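Listed below, chain by chain, are the residues.
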Amino acid sequence: TWCRSCLFVSSLVRVIRPRRVVCTMSSSSDILRPLREAVKEQGDIVRRLKEEKAPSQDLQKAISELKTRKKALEDKEKSMLPKGAFNRPGLEDLVKRRFFYAPAFSIYGGVAGLYDYGPTGCAMKANMLSLWRSHFVLEEQMLEIESTSLTPEPVLQASGHVERFADFLVKDLQTGECFRADHLLEGHLEKLASDPKVDPSKKEEYISVASQTDNYGMEELGSLLSKYDVKSPITGNDLSPPIPFNLMFQTSIGPSGMLPGFLRPETAQGIFVNFHRLLQYNNGKLPFAAAQIGPAFRNEISPRSGLLRVREFTLAEIEHFVDPDEKDSPKFDSVADVKAPFYSACSQLDGSPAELLSVGEAVQSGLVCNSTLGYFLGRIYLFMTKIGIKPDKFRFRQHMSNEMAHYASDCWDAECQTSYGWVECVGCADRSCYDLSCHTKTTSTALVAKKELKEPKVVDVVEAVPEKGPVGKTFKKDAKVIMDRLSSLSPEEVTQLEESMKSVGKFTLSIGEKSFELEANMVKVQRLQKKVHTVDVVPGVIEPSFGIGRIMYAVLEHNFHVREGDEQRSVCSFVHILFFSNHLVFSLVAVTSSYCCSSQVLCSATQQSPRFYPCGENTV
């Protein structure tokens, strides 16, 4: 029983809805129609070139023109948003003043791309992650792990990060300051295009080239930087030619420096290399999902836009392992009626806006490739709206064919509209069997699951059978490793071994960085028929990946406003489950009359010893 002098308030946040000014549908449609038609016209050209299997150069030129027209449409849509609808300086001031987050090492001048979270930011982030665990890990019965952030080079070599995870940079020849080449070119051209005195034909050229900067290779970027006389934006000095720069932080493991490593650029690889343990924990059954929350690191050349492009950030990733031939989700009906804006690849080609569809309609029409991917899209939408993302500033955007990874069958980004434009906050992709296959090939460890057949079948089997005596006598401590490797050879590898033995009488077996020369008396090849009840399958992977910092920023923007008539009063109207503190509000009463009851209420609210702040004699 609570005394009359106490009032418990779970949150002091008031939900205040600011008035909105919206353009009329007819006027905005009339203005945008010519731009949408231009995008559709170019999209049809791209489709036709793909169908005709036109030369790559012609296709890339058509895609570049399509991107130019899309950017013109997006810029026009952005310019038609209500003026003064968002006060970014006000939010940045509030974030720093209330210490949600702030640039790290600021008393030493700061380091770009590194941020420290304050008490409010830490509490808000912790609540968001707690809700994420409840919404995904607990409700879906996922297996959560925590892998190391320090990753040996061979792991990221196998995943492709060492070879392909790079951007192009240029340096100030006088100061050594580095800039990302494509961003620098884009910013310079946009500045030239914004000059009111620029010739219209030149302006069109600048806009066209700026919209294609992410397509240019190193030589093309170099020639364009030279053509448009791009200088250092800070000093005006000349710049070096572009060079590739790997975005991972490199280090060495151990005092010898002989084992190179990297700080992980994503958490997913820690799950993939532990797949066999996770499968065993799940009793060898598919499907199952593993999850991980942790830091990731990317050595961005030009960090910018606050939490949107940083060098150290928190990822919350899920790897859902599923039979590649059976991607139907048993829980799909629970999200089939969830409606969200879907911005398909076809709509992007046609210049059409995002379409409001139910997840069920998207899967049934083939827009989303399978119900498991659709299920996670529905769950992502429910999570994002639950934490305060505005539904009218949210969409799922499908990757177009030229931006989708070669191994992915479908990929969608959950994007939030901010003052920086549409920002990718969550990626959800069907990665097929690519990652596990890469690690299997590199390590010779079969990252597969057993699939029970409805009826047994007879199959032809070819296998390499090691002769234990000669192998053990010759290779001693390495004998077990060699025999295990021989037992796991694929039919193609066994055929190569057999042909080598027949032609030269020996075979070189590679295991990691070591090689062993086997003679004909050490191994024999058997061909037989077996009745099998199970087959090995390499699981497909559905991967939702959440950028926590980006989501947190989008939540701050979507729930921030300035009180009408009082521009000095900034307000963030958070949902109660995300709010970072609970409060107890007391009237001024004598300590002796209510101390006992107040202590009990406060202890119950905070689960810790109460703290009282005196407001005067005999009052709390």
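Anything mentioned here points back to the structure above.
Residues numbered from 1 in each chain as written. Predicted model: local features only at pLDDT ≥ 70, side-chain atom pairs only at ≥ 80, totals over all residues. Heavy atoms only, no water.

Undergrad: Could you give me a rundown of the pairing of strand β20 (residues 514-519), with the residues and numbers involved?
TA: One face of the sheet, then the other: side chains in a regular strand alternate in exactly this way. With six bridges joining them, strand β19 (residues 506-511) and β20 adopt antiparallel strand pairing. Bridged to leucine 509 within β20 is phenylalanine 516. Once β19 ends, the chain turns through two residues before running back antiparallel as β20, passing glycine 512 with a positive phi of about 65°. (Pairing = 2+ DSSP bridges. Helix = DSSP H or I, 4+ residues; strand = E, 2+ residues; numbered from the N terminus.)

Undergrad: How would you sum up the sheet that holds strand β6 (residues 166-171)? Please name residues and give values.
TA: Pairing is antiparallel in the open sheet, where three strands are placed in the order β7-β6-β8. Strands at the two margins of the open sheet, each flanked by one partner only, are β7 (178-180) and β8 (243-246). In this sheet, neighbouring strand axes are inclined to one another by 50° on average, regardless of whether the strands run parallel or antiparallel. Pairing of β6 with β7 involves three bridges; the strand directions are antiparallel. When the bridges of β7 are listed, leucine 169 appears paired with arginine 180. Helix α7 (residues 181-193) contacts β6 and β7 of the sheet and is inclined by roughly 75° relative to β7. (Axes fitted to C-alpha atoms, helices over the stretch in contact; angles between N-to-C directions. Contact = heavy atoms within 4.5 Å.)

Undergrad: Account for a negative patch on the surface, naming residues and giving values.
TA: Taken together, the side chains of Asp333, Asp337, Glu355 and Glu361 define an acidic patch exposed on the protein surface. Tracing the chain through its elements places glutamate 361 in helix α13 (residues 359-364). For glutamate 361, a relative accessible area of 42% gives the class partly exposed. (Patch = residues over 30% accessible without salt bridge, like charges linked within 9 Å, V, L, I, M, F, W, Y side chains within 5 Å. Areas by Shrake-Rupley, 256 points an atom, 1.4 Å probe, with all protein chains shown as cover. Salt bridge = Lys/Arg side-chain N within 4 Å of Asp/Glu carboxyl O. Lys, Arg positive; Asp, Glu negative; His and termini not counted. Charge placed at Lys NZ, Arg CZ, Asp CG, Glu CD. Buried < 20%, exposed > 50% of the residue type's maximum accessible area, 1.4 Å probe, protein only.)

Undergrad: Talk me through unusual backbone geometry; I want residue IDs and the actual numbers.
TA: Cis peptide bonds are those with omega within 30 degrees of zero, and the linkage from leucine 286 to proline 287 qualifies with -5°. Within the fold, proline 287 resides in the loop between α11 (275-281) and β11 (288-297). Phi angles above zero are rare outside glycine, and phenylalanine 105 is one such case at about 55°. Topologically, phenylalanine 105 is positioned in the loop between β2 (101-103) and β3 (115-117). Judged by relative accessible area, which is 49%, phenylalanine 105 ranks as partly exposed. The residue serine 305 is not glycine, and still its phi comes out positive at about 60°. The residue serine 305 is located in the loop between β11 and β12 (312-322) in this model. Given a relative accessible area of 24%, serine 305 falls into the partly exposed group.

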